[in-house]
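What the coordinates show
Read off the chains here:
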Amino acid sequence: MAEKRELTKAFIEQELPMAPPLYVSVYLMTLACGGTAAEVAKKLNATETEVLYAWGYWKGKGYLQDTEKAEKEAKAAEAPKPVQSAAQRPEYSPRELAQVESHPDMQRLFRFASEKLGKALSHEDMSMLYGFHDWLGLPVSVIELLLSYCINNGKRGMRYIEKVAISWAEAGIHTLEQADDYIGMRRNGFGGIMKAFGLNRQPLAAEEEYMKKWLSTYGLSLEVIGNACERTVMRTGRVSFEYADKILTDWKQAGVQSLEDVAALDQAYAARKEQKPAAKKQPEQNKKQNRFINYTQSQWDFEELERLERELREKW
């Protein structure tokens, strides 16, 4: 805890008049009682984030340098926070935002957002932007990139921007590198898949979940996914993410990594069909072997795909 000798006449005359009132209260409460950010916040009826900002302000001026707990709390505040529903988004009072706005990072964010949106920010705008940081745990630099991403795509509504912020937080995006990777996946991956399906529109939420699975969870290349999409349309006569997902799940289980693997898998299936009638007559050692012929029919299930195809045609 900081020592009381810091509360000098010069400090009172020079520093206190220039500091935001809440920061003065946080400083004095920290000197008097110490404790964690949560404890100081409770005593002052403030938020933990406000206390951390106040501590950062005073540490930047050379005060409260021995508050180890402040360091630990500040690091903890940088960790991703659990995302709750949009209905639980906190509302910040004008007093709270006035205090927040005095922090350099928030000043930069509000100024950046105002320039990008081409308007003066309303109280609600600032409350939402601060919520992205305080509620969702997104760093200011990531929020700035998020704003640029939305606005460059012609989306300026704050409700839409909030939905994107929530989706980033839920996806665990908390660094610029993660954000760049996510944007690249959406721009190139999602766009390429929609193009392979012959679609010229934004994907639906359910379609995005399929594409995330194929690209991120399965780690399949865009050319392999595109091939499955093209097969889906050729076989069913329509766009079906469900059908394409069945194909790609089978391919993933079969160890497919390239179009060459897909071709080998097709050849193996054709070879099995040819060998099946004479299977009992052929010695085991004479059968042509490769890793895809040895892959069991239950895993690469053409019959299941045919059944699914019939169902889709009946629905159509």
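Only a predicted model underlies this, so the values are computations on that prediction, with no experimental measurement involved.

1. Some details on the pattern of salt bridges
Scanning the entire structure with this criterion turns up eleven salt bridges. Here arginine 186 and glutamate 208 are joined by a salt bridge, their closest N and O atoms 3.0 Å apart. Of this pair, arginine 186 sits in helix H11 (residues 176-196) while glutamate 208 sits in helix H12 (residues 205-217), placing them 22 residues apart in sequence. The structure contains a network of salt bridges with shared partners spanning Glu124, Arg159 and Glu162.

2. Quick word on the nonpolar core
Trp58, Leu129, Phe132, Leu138, Trp168, Trp214 and Trp251 are the most contacted members of the largest nonpolar core, which has 85 residues in total. Broken down by element, this core gets its largest block of residues, eight residues, from helix H9 (residues 140-152). For leucine 129, the residues in contact, after removing those within four places along its chain, are Leu109, Phe110, Ala113, Leu121, Ile143, Leu147 and Met158.

3. Brief notes about the packing of H11 against H12
Two elements in contact, H11 and H12, have axes whose closest approach is 10 Å; the angle formed by their N-to-C orientations is 105°. Compared by their axis directions, H11 and H12 come out roughly perpendicular. Where H11 approaches H12, its residues Tyr182, Met185, Arg186, Gly189, Phe190, Ile193 and Met194 are matched on the opposing element by Glu207, Glu208, Met211, Lys212, Trp214, Leu215 and Ser216. Here the contact of H11 with H12 is built from residues that sort into eight nonpolar, two polar and four charged.

4. A few points about the packing of aromatic side chains
The way to describe two aromatic rings as a pair is by their centre distance and the angle between their planes. Under the defined criterion, the tally for this structure stands at ten aromatic pairs. Taking 4.7 Å as the distance between ring centres and 50° as the angle between the ring planes, the aromatic pair formed by phenylalanine 197 and phenylalanine 241 counts as tilted. Of this pair, phenylalanine 197 sits in the loop between H11 and H12 while phenylalanine 241 sits in helix H14 (residues 241-253), placing them 44 residues apart in sequence. Of the two residues, phenylalanine 197 and phenylalanine 241, neither departs from the other in class, the shared state being buried. The ring centre of tyrosine 160 lies 5.4 Å from the NZ or CZ of lysine 155, which sits over that ring.

Conventions adopted
Per chain, residue numbering runs from 1 following the sequence as it is written. Residue-level local features of this predicted model are given only where pLDDT is at least 70; pairs of side-chain atoms are given and counted only at 80 or more, and the full residue set underlies all totals for whole chains, interfaces and linings. Computation of side-chain values: all heavy atoms of the structure, hydrogens and water removed. By salt bridge we mean one thing: a side-chain nitrogen of Lys or Arg within 4 Å of a carboxyl oxygen of Asp or Glu. Here a strand is any run of E in DSSP of at least two residues, a helix any run of H or I of at least four, and the numbering for each starts at the N terminus. Joining through side-chain atoms within 4.5 Å is the link that ties buried Ala, Val, Leu, Ile, Met, Phe, Trp, Tyr and Cys residues into a set, and such a set is a nonpolar core. Accessible area is worked out with a 1.4 Å probe on protein chains only. A residue is then buried under 20% of its type maximum, exposed over 50%, and partly exposed in between. Only heavy atoms matter for contacts: two residues are in contact if any of them lie within 4.5 Å across the pair. Axis definition: a line fitted to C-alpha atoms, over the contacting stretch in the case of helices. Angles run 0 to 180 degrees between N-to-C directions. Angle categories are assigned with fixed cut-offs, so that under 35 degrees is roughly parallel, over 145 is roughly antiparallel, 65 to 115 is roughly perpendicular, and the rest are oblique. Nonpolar residues are Ala, Val, Leu, Ile, Met, Phe, Trp, Tyr, Cys and Pro. Charged residues are Asp, Glu, Lys and Arg, and all others, Gly as well, are polar. Aromatic rings from Phe, Tyr and Trp, taking only the six-membered ring of Trp, are treated as a pair when their centres fall within 6.5 Å; an angle between ring planes under 30 degrees marks them as stacked, one over 60 as edge-to-face, and anything in between as tilted. Think of it as a cone above the ring: NZ of Lys or CZ of Arg counts as a charge over the ring if it is within 6 Å of the ring centre and within 35 degrees of the ring normal.

Nothing here speaks to function; it is all geometry.
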